[in-house]
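Here are the chains, one letter per residue:
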Amino acid sequence: MATNSTRRRLVVLGSTGSIGVNTLNVVEHLNALADENGNSSFDVVGLAAGRKADVLVEQTRKFHVPAVAIADPQQAQEMATRLPRTRIFAGDDSALELMEHADATDCIAAVVGSAGLPAAIVAARKGMSIGLANKETLVAAGSLITPIIKKHGARLIPVDSEHSAIFQCIEGQGRKSQGTRVGQTDGPQEHSSIKRIVLTASGGPFRTASKETVENATVEQALKHPTWVMGPKITIDSATLMNKALEVIEAHWLFDLPAEKIEVIIHPQSMIHSFVEFTDNSILAQLGPPDMKTPIQYALTYPHRSAGCSAALDWSKLNRLDFEEPDHERFGALRLAYDVIRKGGTAGAIFNAANEAAVAAFLERKVRFGRITELVRQALTSLTVREVDSLETVLAADREAREFVKDQICRQ
């Protein structure tokens, strides 16, 4: 993203979540380095969040941010009195309005769920460098945003630790450096040297649990992730392995790979973040402690590398690396991901929206844990998949899937 001795103008969508908070920590680190050696630095010109006004106010003051967005209108009124010199956008479309307003070169897209899709599309139309932590953008609208990125010369760099690992392993291995410019490949030859990519998964809190335990897990049990500290939605997705299913679909779009070249393996230590196997049977992997600041920093500084702000890997403590195949009987979400890739069209939007609705219902204790994946499966089976020709088509499929899940829950 950044080049030496430049100032970049950054918008962080989802600034109060774990990715957003870590992004601002990385920005602070990189700006300190820039003061020392003249490398690129970042001006934070926009922040967006759903709620958490206190955190957003603190971030705005610390980084002297001229414009912010908050979805909750009541909290927006409170912020206006506390930040009289800051432009504040409020409401469901506030992130979109902020992105349209902002004079930015870079964006970290970390809004949870499909809510971040419209703002990400605006960033692509502005030709910005986008650090993508919102996997739902490509899952729901990969076929829509791909040509926009290509047309406007935007650059999409993955922030998810798994996709960042794949990206780092692939760069320079016979592929044209896209950075990653999704959709700007020249065809099958771009991935002809790749035998497969393998996304690693921790296995979540129920990796060794019985099928009955998984089916009837409580909210408290599902939120106890063994490795990562994340928000509730993504933590539940990790527990169902739905998060890994979303990542399979995202990888399809990011790396222009067919479904049969994308696999998943359980790796409970979360030290190998993913790996690539080439046609000569060579394998490249990216390792590091489970710390999101590393892929965030790489996305912000690409194609350069700066001194890291994450802890270094302690080889003396790396006693073992375990791998196992995912259990599709206990965790059926992964198979659905391959169905979505093959169906195409609005299947991704249906898949993502049905999951968001089902997870929300589980967190509200309206459905049992084992019902989440089943509701997503029913939505994919029952709803009509249409060609994606506009954002409105994607959003319509999103609404239809949410209503379907709501109706199914009411009938139970």
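Residues numbered from 1 in each chain as written. Predicted model: local features only at pLDDT ≥ 70, side-chain atom pairs only at ≥ 80, totals over all residues. Heavy atoms only, no water.

Chemist: I tried to follow the overall build of the chain on my own but got confused; where do I start?
Modeler: Along the backbone of the chain there are 16 helices and 11 strands. Along the three orthogonal principal directions, the C-alpha set of the chain runs to about 55 × 55 × 45 Å. Here the analysis covers contacts within the chain between residues at least 6 apart in sequence; of these, 70% occur between residues at least 24 apart. (Helix = DSSP H or I, 4+ residues; strand = E, 2+ residues; numbered from the N terminus. Contact = heavy atoms within 4.5 Å.)

Chemist: Quick question: what am I supposed to make of the packing of aromatic side chains here?
Modeler: Centre-to-centre distance and the angle between the planes together describe a pair of aromatic rings. Counted by the stated rule, this structure contains 5 aromatic pairs. Residues F206 and F369 carry aromatic rings whose centres are separated by 5.2 Å and whose planes lie at 70° to one another, so their mutual orientation is edge-to-face. Of this pair, F206 sits in the loop between β8 (194-201) and α8 (211-215) while F369 sits in the loop between α14 (347-363) and α15 (371-382), and the two are 163 residues apart along the sequence. According to the relative accessible area criterion, F369 is buried, its value standing at 3%. (Phe/Tyr/Trp six-rings, centres within 6.5 Å; stacked < 30°, edge-to-face > 60°. Buried < 20%, exposed > 50% of the residue type's maximum accessible area, 1.4 Å probe, protein only.)

Chemist: Help me understand unusual backbone geometry in this model?
Modeler: Trans is the common state for peptide bonds, and a negative phi is the common state for residues other than glycine. The amide bond that connects Y302 to the next residue, P303, takes the cis arrangement and shows omega of 5°. The backbone of D256 sits at a positive phi, close to 55°, despite the residue not being glycine. For D256, the location among the structural elements is in the loop between α11 (242-254) and β9 (262-266). Positive phi outside glycine occurs at N281, with the angle close to 75°. One can find N281 in the loop between β10 (272-278) and β11 (283-287).

Chemist: Whenever I open this one, the sheet that holds strand β3 (residues 67-70) confuses me. Can you help?
Modeler: Strand pairing in a sheet is mediated by backbone hydrogen bonds. Such pairs are either parallel or antiparallel. The strand order across the open sheet formed by 7 strands is β4-β3-β2-β1-β5-β6-β7, and the pairing between neighbours is parallel. At either margin of the open sheet sits one strand with a lone partner, and together these are β4 (87-90) and β7 (155-158). Put simply, the sheet's adjacent strands are angled 20° from each other on average, direction ignored. The pairing of strand β2 (residues 41-49) with β3 spans 3 bridges and is classified as parallel. For L47, the partnering residue across the bridge sits in β3 and is V68. (Pairing = 2+ DSSP bridges. Axes fitted to C-alpha atoms, helices over the stretch in contact; angles between N-to-C directions.)

Chemist: Please clarify how the nonpolar core should be interpreted in this entry.
Modeler: Nonpolar side chains in soluble globular proteins tend to end up buried together. In terms of nonpolar packing, the biggest core is built from 133 residues, with F351 and F369 touching the most fellow members. Looking at this core, the element that brings in the most residues is α14, giving 11 residues. Setting aside residues no more than four positions away along its own chain, F351 makes contact with V139, M242, A245, L246, I249, L336, A337, V340, V376 and L380. (Core = buried A, V, L, I, M, F, W, Y, C linked by side-chain atoms within 4.5 Å.)

Chemist: Would you explain the pairing of strand β6 (residues 129-132) in this entry?
Modeler: Regular strands place side chains that alternate from one sheet face to the opposite one. Residues of β6 alternate between two faces, with S129 and G131 on one and I130 and L132 on the opposite face, all of them buried. The parallel pair strand β5 (residues 106-109) and β6 is bridged by helix α5 (residues 117-125), and the resulting crossover is right-handed. Taken together, the 4 bridges between β6 and β7 define a ladder with parallel strand orientation. Within β7, the residue paired with G131 across the bridge is I157. Following the backbone out of β6, through helix α6 (residues 136-152) and into the adjacent parallel β7, one traces a crossover that is right-handed. (Right-handed = clockwise from strand over helix to strand, strands pointing away.)

Chemist: Any chance you could explain the layout of surface pockets here in plain terms?
Modeler: A probe matching the size of a water molecule, rolled over the atoms, marks out where space remains unfilled. When its volume is computed, the second largest pocket comes out at roughly 360 Å³. Every element with two or more residues in the lining of the second largest pocket is listed here: α7 (161-170), β11 and α12 (293-301). For the lining of the second largest pocket, the leading source of residues is α12, giving 6 residues. Broken down by class, the residue content of the lining of the second largest pocket amounts to 8 nonpolar, 13 polar and 3 charged. (1 Å grid on protein atoms, 1.4 Å probe; cavity = no way out; pocket = protein on both sides within 12 Å on 5 of 7 lines; lining within 4 Å. Points joined across faces, edges and corners; volume = space filled by probe spheres on them. Nonpolar A, V, L, I, M, F, W, Y, C, P; charged D, E, K, R; others polar.)

Chemist: Looking at this structure, I do not really get the packing of helix α10 (residues 232-240) against α14. What am I missing?
Modeler: In helix packing, the relevant descriptors are the interaxial angle and the interaxial distance, both defined with respect to the helix axes. Here α10 crosses α14 at 100°, and the two axes come no closer than 10 Å. Comparing the axis directions of α10 and α14 gives the class roughly perpendicular. Listed contacts from α14 to P232, K233, I236 and D237 of α10 are N355, E356, V359, F362 and L363. Across the contact of α10 with α14, the residue classes break down as 5 nonpolar, 1 polar and 3 charged. (Parallel < 35°, antiparallel > 145°, perpendicular 65-115°, else oblique.)

Chemist: Help me out: how do you make sense of a negative patch on the surface in this one?
Modeler: Together, D92, D93, E97 and E100 make up a region of like negative charge exposed at the surface. Following the sequence through the fold, D93 ends up in the loop between β4 and α4 (94-101). According to the relative accessible area criterion, D93 is partly exposed, its value standing at 49%. (Patch = residues over 30% accessible without salt bridge, like charges linked within 9 Å, V, L, I, M, F, W, Y side chains within 5 Å. Areas by Shrake-Rupley, 256 points an atom, 1.4 Å probe, with all protein chains shown as cover. Salt bridge = Lys/Arg side-chain N within 4 Å of Asp/Glu carboxyl O. Lys, Arg positive; Asp, Glu negative; His and termini not counted. Charge placed at Lys NZ, Arg CZ, Asp CG, Glu CD.)

Chemist: So what exactly am I meant to see when it comes to the pairing of β4 here?
Modeler: Relative to β4, β3 runs parallel, the two sharing 4 bridges. Counterpart to I70 in the pairing with β4 is A90. Between the parallel elements β3 and β4, the chain passes through helix α3 (residues 73-82) in a crossover that is right-handed.

Chemist: I'm lost on the confidence of the model for the chain in this one. Help?
Modeler: Low pLDDT means the predicted atomic positions in that stretch should not be read closely. Looking at the chain as a whole, the pLDDT averages 90, with 92% of positions reaching at least 70. Counting interchain partners and residues more than four positions distant, the pLDDT-below-50 stretch residues 175-189 has 44 contacts. (pLDDT = per-residue confidence, 0-100.)

Chemist: What's the story with the side chain of S238 in this structure? I'm lost.
Modeler: As for its position among the elements, S238 is in helix α10. Aside from chain neighbours lying at most four places away, what touches S238 is S202, G204, H225, M230 and N243.

Chemist: I keep staring at α12 and nothing clicks. Help me out?
Modeler: Side chains three or four residues apart in an α-helix point the same way, a direct result of the helix having 3.6 residues per turn. The element α12 is largely enclosed, with a buried count of 8 among its 9 residues. All of the buried residues along α12 are K293, P295, I296, Q297, Y298, A299, L300 and T301.

Chemist: What is the right way to look at the side chain of T200 in this model?
Modeler: Positionally, T200 belongs in strand β8. Not counting the four nearest positions on each side in its chain, T200 is found in contact with E162, K244, I265, H267, I272, H273, S274 and F275.

Chemist: Looking at this structure, I do not really get α15. What am I missing?
Modeler: In this model α15 runs 16 Å from its N-terminal to its C-terminal C-alpha over 12 residues, within 8% of the 16 Å that 1.5 Å per residue would give. Where α15 is concerned, the buried positions are R371, I372, T373, L375, V376, A379 and L380. (Expected span 1.5 Å × (residues − 1).)

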